[in-house]
Amino acid sequence: VEHSSPALLQPVSRKAKARPPASALSSALEEISAPLVGYAFVPSSFKTAVPEADIFPSGIGILAKGHQFSIFKKSHADEAATVVNYLVSCDCFEKFQEDATRLREILNEGIYLYAISTAVLHRKDTSSTLLPPLWQVNPRNYFPGPIIKRAFDQARRGKSDASDGSTPPAFTTGSNRDPEFKLAWWREDCGFNAHHYHWHQSYPWRGVNGVTKDRQGELFYYMHQQMLARYDAERLAVGLMRVDSYSNWHLPIPEGYNPQLTDYYGAYQFAARPAGMILADNWRDPSDPTLIIQQGYHRDRLLDAINTGKFEKTDGHKVDVDINGLGAAIEANASTPNPDLYGSVGIHNRGHDILAGITDPDYRYNQAGGVMGDTSAAIRDPIFFRWHKFVDDLFFLHKIKLTPYNQTDLEFQNVQVDSVQVQVNDPARPANTLITRMEDVVVDIANDMFLNPNDKPNTEVNVTVKQVNHGRFNYKLGVTSNSRTPLKAAIRIFIAPSLDEHGTQYQLDSQRRLFIEMDKFVTTLKTGSNAITRRSTRSSVIKPRELTIAELKKRGTAAKEADDGCACRPDRYCECGWPEHMLVPRGTAAGMPFDLFVMVTNWANDSSTDDLDRGTSYCGVKDKTYPDKRPMGFPFDRKIDSALYKHVADFSKGFSNMKTLPIKITCV
Ligand code: CUO
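Calculation rules
- Every residue gets a number counted from 1 within its own chain, in the order that chain's sequence is written.
- Local features in this predicted model are restricted to residues whose pLDDT is 70 or higher, and side-chain atom pairs enter the listing and the counts only when it is 80 or higher, whereas totals over whole chains, interfaces and linings include all residues.
- To get the side-chain values, all heavy atoms of the structure are used, and hydrogens and water are removed first.
- The rule is simple: take the accessible area with a 1.4 Å probe, protein chains only, and divide by the maximum for that residue type; under 20% is buried, over 50% is exposed, in between is partly exposed.
- Helix and strand definitions here come from DSSP, where helices need a minimum of 4 consecutive H or I residues and strands a minimum of 2 consecutive E residues; each element is numbered from the N-terminal end.
- Note: two strands are recorded as paired if DSSP finds a minimum of 2 bridges between them.
- When two cysteine sulfur atoms are found within 2.5 Å, that pair is recorded as a disulfide.
- The aromatic pairing rule takes the rings of Phe, Tyr and Trp, using the six-membered ring of Trp, and pairs them if the centres are within 6.5 Å, calling planes under 30 degrees apart stacked, those over 60 edge-to-face and the rest tilted.
- Any Lys NZ or Arg CZ that is within 6 Å of a ring centre and within 35 degrees of that ring's normal is treated as a charge sitting over the ring.
- Helix span is expected to be 1.5 Å times the residue number reduced by one.
- Take the buried residues of types Ala, Val, Leu, Ile, Met, Phe, Trp, Tyr and Cys, join any two whose side-chain atoms come within 4.5 Å, and each joined set is a nonpolar core.
- Residue ranges for the domains originate in an automatic or database domain assignment.
- We call two residues in contact when some of their heavy atoms are within 4.5 Å.
- Note on definitions: the grid is 1 Å and covers protein atoms alone; a cavity is a set of points where a 1.4 Å probe fits but cannot get out; a pocket is an open set with protein on both sides within 12 Å along at least five of seven lines; lining residues have an atom within 4 Å of a point.
- Grid points are joined across faces, edges and corners, and a volume is the space filled by probe spheres set on the points.
- All amino acids are sorted into three groups, where Ala, Val, Leu, Ile, Met, Phe, Trp, Tyr, Cys and Pro are nonpolar, Asp, Glu, Lys and Arg are charged, and the leftover types, Gly among them, are polar.
- One speaks of a salt bridge when a side-chain nitrogen belonging to Lys or Arg is within 4 Å of a carboxyl oxygen belonging to Asp or Glu.
- In this analysis, axes come from line fits to C-alpha atoms, helices being fitted only over the stretch in contact, and the angle between any two N-to-C directions falls in the range 0 to 180 degrees.
- The scheme is simple: roughly parallel for angles under 35 degrees, roughly antiparallel for over 145, roughly perpendicular for 65 to 115, oblique for anything else.

**Here's the deal with the pairing of strand β12 (residues 592–602)**
β12 sits mainly inside the fold: 10 of its 11 residues count as buried. As paired elements, strand β7 (residues 487–497) and β12 share 9 bridges and run antiparallel to each other. Considered in β12, the bridge of P497 is made with F594.

**Notes on the state of the cysteines**
One pass over the full model with this rule turns up 1 disulfide. Paired by a disulfide, C576 and C619 hold their sulfur atoms 2.1 Å apart. Measuring handedness by torsion sign, the sulfur bridge of C576 and C619 sits at about -70° and is left-handed. Of the two residues, C576 is situated in the loop between α18 (549–562) and β11 (578–579) and C619 in helix α20 (residues 616–619); the sequence distance between them amounts to 43 residues.

**Here we look at the packing of aromatic side chains**
Per the counting criterion, the structure on display carries 35 aromatic pairs. Consider the rings of W249 and F390, whose centres lie 5.4 Å apart with planes at 75°: the pair is edge-to-face. One end of the pair, W249, is in the loop between α10 (216–237) and α11 (292–308); the other, F390, is in helix α15 (residues 382–399), and 141 residues separate them in sequence. In this structure, W249 and F390 share a single accessibility class: buried. The ring of Y203 has K213 sitting right over it, with the charged end atom 5.3 Å from the ring centre. Between the NZ or CZ atom of R513 and the centre of the ring of F396, over which it lies, the distance is 4.2 Å.

**Things to note about helix α3 (residues 74–89)**
The first and last C-alpha atoms of α3 sit 22 Å apart over 16 residues, in line with the 22 Å expected at 1.5 Å per residue. Buried within α3 we find H76, A77, D78, E79, A80, A81, V83, V84, N85, Y86 and L87.

**Regarding the nonpolar core**
With 115 residues, the main nonpolar core has F385, L596 and F651 as its most contacted residues. The greatest single-element share of this core, amounting to 12 residues, is contributed by α10. Counting contributing residues, this core receives three or more from each of domain 2 (141–399) and domain 3 (407–447 + 461–539 + 584–667). When sequence neighbours within four positions are dropped, the list of residues in contact with F651 reads L410, L508, F597, P635, F636, I640, Y645 and M658. The next biggest cluster of nonpolar side chains, apart from the first, holds 56 residues, and it includes V84, L121, C190 and A194.

**Topic: empty space enclosed by the protein**
For the coordinates displayed, the defined rule picks out 15 cavities of 30 Å³ or more. Roughly 150 Å³ of internal volume is contained in the largest cavity. Every element with two or more residues in the lining of the largest cavity is listed here: α10 and α15. Partitioned by chemical class, the residues of the lining of the largest cavity number 8 nonpolar, 3 polar and 5 charged. Two domains each donate at least three residues to the lining of the largest cavity, and these are domain 2 (141–399) and domain 3 (407–447 + 461–539 + 584–667). What lines the second largest cavity is a set of 16 residues, among which F69, N141, Y197, D374 and S376 lie closest to the centre. No other element matches helix α5 (residues 109–122), which puts 3 residues into the lining of the second largest cavity. Across the lining of the second largest cavity, the residue classes break down as 8 nonpolar, 7 polar and 1 charged. Looking at which domains feed residues into the lining of the second largest cavity, each of domain 1 (1–129 + 542–570) and domain 2 (141–399) supplies at least three.

**Details of the pattern of salt bridges**
Summed over all chains, the structure comprises 37 salt bridges. Across the salt bridge formed by D426 and R429, the nearest N and O atoms sit 4.0 Å from each other. On the basis of relative accessibility, which here comes to 36%, the residue D426 falls in the partly exposed class. The partner of R630 in a salt bridge is D606, with the nearest N and O atoms 2.9 Å apart. Taken as a pair, R630 in the loop between α20 and α21 (648–653) and D606 in helix α19 (residues 603–606) lie far apart in primary sequence, 24 residues in all.

**A word on the packing of α10 against helix α12 (residues 323–331)**
Relative orientation of the contacting elements α10 and α12 amounts to 80°, with a least axis distance of 6 Å. One way to sum up the angle between α10 and α12 is to call them roughly perpendicular. From α10, Q216, G217, E218, F220 and Y221 reach across to α12, where they touch I323, N324, G327, A328, I330 and E331. Here the contact of α10 with α12 is composed, by residue class, of 5 nonpolar, 4 polar and 2 charged.

**Describing the pairing of strand β13 (residues 658–667)**
Burial of β13 is extensive: 7 of the 10 residues sit out of reach of the surface. As defined by bridge partners, strand β4 (residues 433–444) adjoins β13 across 4 bridges and the pair is classed as parallel. Counterpart to T433 in the pairing with β13 is K664. As paired elements, β12 and β13 share 8 bridges and run antiparallel to each other. In the strand pairing of β13, V598 is matched with K659.

**With respect to the environment of T524**
Take T524: it is sitting in strand β8 (residues 516–525). The spatial distance from the C-alpha of T524 to the C-alpha of A489 is 6.0 Å, given a sequence separation of 35 residues. For T524, the residues in contact, after removing those within four places along its chain, are P486, L487, K488 and N530.

And the structure:
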């Protein structure tokens, strides 16, 4: 392939070199994209060198270029899975690279980007490769079209964003006439959207051949449940009601949304969804419609399973409902107990699809679908959270049927939490107050991989985005162990808003759905008192800030010189994890009260065969076992008897291995 740079794109043998060059994929994407970007612009010399599509397995090259790709449509997901499986099975790196380059010509753009990066995540020889940030390679799914156009216009005129004194507003997708616009900054955050896209690449519902995902259904439940808990904390902070389930599919949807995102060529926009629309059967693909009655059928079969505690398998046998199986049924992943009863595409995926098509359900106006059809942009739309609240309510209905945790489940004998404190790294700040702020971040989008090379500027193309961030902080814990031998202990840290919409203190059984996991780590307790300090930057929830393409290039050069590999540890979901800058909910200017809850449990009982690390809480350990054997969300995932424990502080007073600390989160 004439465009490859042998110096940058070396084959990676795990035996010879455990870690491939840091820049391998960024270079690969760049090398592939530089001469070939925009399929209409492939140089003729290359065209003659490209074999026909039929060298690839059948089922590849079906979705035409320029069409919207949606992983929630069966035919699209099938094609993407075929490409991913093919690319993962290429037995050497050179073949993978060569095929990826050829597929660039054949595949739909969305499938191409999804499949090549999903393959990189699942190939052994690229397992620790750092991918460039998605908002840099595909900015059109992350920034409104007018903002991108302006940035390119300015770059061509030799001006930087803001240098002409008229920086456009950071958020352009609505106005204060819409209450939901108050949280546009949160739903439209690049890192958050990329996290969600990466999660679905790490756990494709159609699976990856030969790869077993541990507790995928449960993680599907938990990661999205945590998104909802975090969303509700933000809603309460700006005076909105907690998110309401979209469960009645015959009522108008009061919340609308205009994403202002254009496709790769700027030929169409993701559909704007006006307020007040009512769901309609989706016949956009007449061979595979999504019908409301069918959704109702699967919902009712799921409710049957939840209420009886039994799934009916395809062969008629009954099996117990557990959270992983329920997640598999709702997501329709490879472990679904019965695709006929619970949906072969899944009620969840179909919900995305039908909502994405709501504005032109039979495609009579040739209108593109809405963001709900695309995992890289779905969370921008308020209806995403309403839909996922419906999905979460199904999990909730299953969980409340389970026996609440008992004394043995909750206690850790001989261990006592004496004190808990949080302190931001600025000693002038008071203890037990976390600090957040909104920051301007400049993003260079010049490497848009779908850009016509003739339009490619030789300079940075900068977009300024507003993001929340927080002052880094430490947890300081005092823990006494009365065991004669050292104990391996898991420290579980959560926070939740203290007050409901009325300003009344939450009762624990309501508040428990709002608890946000902040960190989970393992420490060894020696006999006697232990002073534990834990940095917020080590959180098991987050991944650190992505390196930009410029930083990756720099690091790639340094890595080549030093023969050093990627900064990520191998075998982790380096690309997965909650964005670090969003770890702390924004809170309020006056200081929003939260309850910080710490629980210490016995890691000798809880540990699986793999370790906790950054990113593992919401993403697991790449293709290994989830590092914590407890149910995800423990101890707040099951009903808590209000007669026994009215408030979270009552709960923690009942057990020596727990402690509740009232804190404030102040947005400065
Ligand atoms: Cu993440 Cu609905 O599962 O988008």
